[in-house]
Amino acid sequence: MKVKKFISMIGTMIKIGFIGFGGGSALIPVIEDEVVEKDKIITEEEFNDDVMIASITPGALPVEIASGIGKQTAGTRGMIAAATAMALPGALLTVLLQAVITSAGDMVKTQINYLSMGISAFIMLTLFLYAVGTIQQGKSKTESCAYAFIILAVFLLSGEKGIYELFHLDMAPIFSLSIIQVLGAAFFVILFTKGYIRCLKRSVPAGIIALCYFLCAGKAHIIPLKFKPGILLVMVILSVTGLMQSVMESKHRKKFPVKRLAKSFAFWIGFVCILSLPAMFLTIKTLRLVGMGWLSSVMSFGGGDAYLSVAQGLFVEGNMISKMDFYGNVVSVANALPGSILCKILTGIAYDLGYNLNHSITDGFLVALSGFACSVAASGAIFELVFCVYEKYENLRIFAVVKHFIRPIISGLLLTVAISLYTSGIRGLVQPGWPNKSAFLVTLIVLMANGILLYMQKKGKDVHLLLKILLSAGISFAVCNVLY
């Protein structure tokens, strides 16, 4: 029975890896639907735990969630197998497509862009439905209204710039905060209040400090930017103080699993060494790639888009890859494929490094293995560390509060991702000379088609997720080729 469940779990992870377009937070609804609703590999509560830990942990979020699912299913071996299975399809498709583009040129890249427009439109709908589902999960009308308020507040704080771009408004955003800034402020309030949100003695000053941070970190800098380090310092001190007080007040403490953590880290290091060995014989640069790969993963807070800036700083400015190859080949290919953005980008950079050694596709694939290994191992190892801390103090009230509010917070951030997919993704792929409203037309047709499929599902028809993705991609491909 355990073996059957293990195989089923691996199959599900690979499946999600192939159909999970959007990367990062956008994959949360897809993973939940497959793992919790359909295959029932873990419970919704266990899934929410994984999402919570992954959201506060640097690295590839889908891989981290997969690590948690694998860990709860089959321990350390399950964690490594699930993380690898989740990341493999996207990384493999990335290097395959890079190899094709190397031979075929820009024509293939253009057709990929046409397909990705429809897929992006489908992801937008999926993210919106996830937010609606979050509101419906409220156990009472009051709780549902509270969820809706949190979603709206987070969306306005993080997606303000996208809203202006969506409606072509020439306005400077007041906030337009990053995902990590919003999450950081939310966790500050929870930690400082020790989870007692209704305690005015702590929640009022926490709210005032968070507002000051928003006004300072926001784009308008209503509070001068020079005060930001001081505000952050206060938030960190108060958060640590609240956390320490919660720990001291807790009567339930477990022994920290040092041996299990050491065993897990040993497995991950061995995983990287084995997969990087072929590349080591090709170039000494592999060692630098591995080190920078781990560092970039550890620095990757805030999702796939945030990783692009980290990767540019380390790999482009570090002369590991040219800016033209980074944005023209790696990023454009990664955005059109399913899977984790971090894993695809790091694998793509490694392929480019290997290919440029002797202009050999084989060398590109061998070095790409090391980049893939780093992206998976770093994310899995960091997740395991945070998970061990969580297990030790899981009975703290602050964790119960985080689990209660993490989904509406994530839902608000996903709405921002949905807007960005349209303004930066779909609109950004529109070709010169197209009709002005071509992006809107493609998006509208795809949404209408998926609306019909949703209606069919409500009437009892079984509509597979893969069918929705293929239909969305097919519509945009056909419409774009007609328009251009």
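Being a predicted model, the structure only gives us computed values, none of them experimental.

Trainee: Would you mind going over the packing of aromatic side chains with me for this structure?
Mentor: Two aromatic rings, taken as a pair, are described by how far apart their centres are and by the angle between their planes. Under the criterion given, the structure shown has 8 aromatic pairs. The interplanar angle of 85° and the centroid separation of 5.9 Å between the aromatic rings of tyrosine 351 and phenylalanine 365 together place this pair among those described as edge-to-face. A residue pair is termed long-range when its members are at least 10 positions apart, and tyrosine 351 in helix α14 (residues 341–358) and phenylalanine 365 in helix α15 (residues 361–392) qualify at 14 residues. Aromatic side chains tyrosine 390 and phenylalanine 399 sit 4.9 Å apart centroid to centroid with 85° between the ring planes, which places their arrangement in the edge-to-face category. Given the relative accessible area of 3%, tyrosine 390 is considered buried. Of the residues examined, phenylalanine 399 reaches a relative accessible area of 15% and is grouped as buried. Of the aromatic side chains, those joined through ring pairs into one cluster are Phe383, Phe387, Tyr390 and Phe399. Here arginine 397 stacks its cationic end above the ring of tyrosine 196, 4.4 Å away from the centre of that ring. Its end group placed over the ring of tyrosine 130, arginine 407 keeps NZ or CZ at 4.1 Å from the ring centre.

Trainee: Mind showing me how you'd approach unusual backbone geometry here?
Mentor: A negative phi angle characterises most non-glycine residues, just as the trans form characterises most peptide bonds. Positioned with a positive phi, lysine 40 is a non-glycine residue whose angle comes to about 50°. Its place among the elements puts lysine 40 in the loop between α2 (28–38) and α3 (44–55). Its identity as a non-glycine residue notwithstanding, histidine 221 has a phi of 50°, on the positive side. The topology assignment puts histidine 221 in the loop between α8 (200–217) and α9 (228–249).

Trainee: Could you clarify how one ought to interpret the side chain of arginine 407 in this entry?
Mentor: Mapped onto the elements, arginine 407 comes out in helix α16 (residues 397–426). Setting aside residues no more than four positions away along its own chain, arginine 407 makes contact with Glu32, Glu44, Tyr130, Gly133, Thr134 and Gln137.

Trainee: Is there a simple way to explain the packing of α8 against α9 in this structure?
Mentor: The packing of two helices is summarised by the inter-axis angle and the distance between the axes. Closest axis-to-axis distance for the α8/α9 pair is 10 Å, and the angle between their directions is 150°. With respect to each other, α8 and α9 are oriented roughly antiparallel. Where α8 crosses over α9, the handedness of that crossing is left-handed. Between α8, through Arg202, Ile209, Cys212, Tyr213, Cys216 and Ala217, and α9, the contact on the second element is made entirely by Lys228, Ile231, Leu232, Val234, Met235, Leu238 and Gln245. In terms of residue class, the contact of α8 with α9 is made up of 10 nonpolar, 1 polar and 2 charged.

Trainee: Sorry, what's going on with α2 here?
Mentor: One full turn of an α-helix is made of 3.6 residues, so residues set three or four places apart face in the same direction. Within α2, 8 of the 11 residues are buried, which leaves the element mostly enclosed by the surrounding structure. Ile28, Pro29, Val30, Ile31, Glu32, Glu34, Val35 and Val36 are the residues of α2 that are buried. Backbone geometry just downstream of α2 places lysine 40 in the positive-phi region, at approximately 50°.

Trainee: Would you mind showing me how to read the pattern of salt bridges here?
Mentor: Side-chain pairs of opposite charge can arise where the charged atoms are in close proximity. Inspection of every chain in the model, using the stated rule, returns 8 salt bridges. Residue glutamate 34 is joined to lysine 38 by a salt bridge in which the shortest nitrogen-to-oxygen separation is 3.4 Å. Of this pair, glutamate 34 and lysine 38 both sit in helix α2, separated by 4 residues, roughly a single helical turn. The buried category is assigned to glutamate 34, whose relative accessible area is 0%. Measuring nitrogen to oxygen at the nearest pair gives 2.7 Å for the salt bridge that ties glutamate 391 to arginine 260.

Trainee: Got a minute to help me understand the nonpolar core in this structure?
Mentor: Side chains of nonpolar character tend, in soluble globular proteins, to be buried together. Within the largest apolar cluster, 91 residues are counted, with the highest numbers of intra-cluster contacts made by Met13, Ile31, Ile65 and Ile69. The element that contributes the greatest number of residues to this core is α16, accounting for 14 residues. Apart from the residues lying within four places of it in its own chain, the contact partners of methionine 13 are Val35, Ala66, Ile69, Ala82, Ala85 and Met86. The next biggest cluster of nonpolar side chains, apart from the first, holds 41 residues, and it includes Ala91, Val331, Ile345 and Val376.

Trainee: It is not clear to me how the confidence of the model for the chain should be interpreted in this structure. Could you clarify?
Mentor: Segments scoring low in pLDDT should not have their predicted coordinates read at a detailed level. With 94% of its residues at a pLDDT of 70 or more, the chain has an overall mean of 86. Of all the helices and strands in the chain, helix α12 (residues 304–316) carries the lowest mean pLDDT, 73, while α8 carries the highest, 94.

Trainee: When you look at the packing of helix α7 (residues 179–192) against α8 in this model, what are you seeing that I'm missing?
Mentor: Close contact between α7 and α8 brings their axes to 9 Å; oriented N to C, the two are set at 160°. Between α7 and α8, the interaxial angle falls into the category roughly antiparallel. Seen from above, α7 lies across α8 with right-handed handedness. Judged by residue contacts, Gln181, Ala185, Phe188, Val189 and Phe192 of α7 engage Arg202, Pro205, Ala206, Ile209, Ala210, Tyr213, Phe214 and Ala217 from α8. Grouping the amino acids of the contact of α7 with α8 by side-chain chemistry returns 11 nonpolar, 1 polar and 1 charged.

Conventions adopted
Residues numbered from 1 in each chain as written. Predicted model: local features only at pLDDT ≥ 70, side-chain atom pairs only at ≥ 80, totals over all residues. Heavy atoms only, no water. Phe/Tyr/Trp six-rings, centres within 6.5 Å; stacked < 30°, edge-to-face > 60°. Helix = DSSP H or I, 4+ residues; strand = E, 2+ residues; numbered from the N terminus. Buried < 20%, exposed > 50% of the residue type's maximum accessible area, 1.4 Å probe, protein only. Lys NZ or Arg CZ within 6 Å of the ring centre and 35° of its normal. Contact = heavy atoms within 4.5 Å. Axes fitted to C-alpha atoms, helices over the stretch in contact; angles between N-to-C directions. Parallel < 35°, antiparallel > 145°, perpendicular 65-115°, else oblique. Left-handed = near helix turned anticlockwise from the far one by under 90°. Nonpolar A, V, L, I, M, F, W, Y, C, P; charged D, E, K, R; others polar. Salt bridge = Lys/Arg side-chain N within 4 Å of Asp/Glu carboxyl O. Core = buried A, V, L, I, M, F, W, Y, C linked by side-chain atoms within 4.5 Å. pLDDT = per-residue confidence, 0-100.

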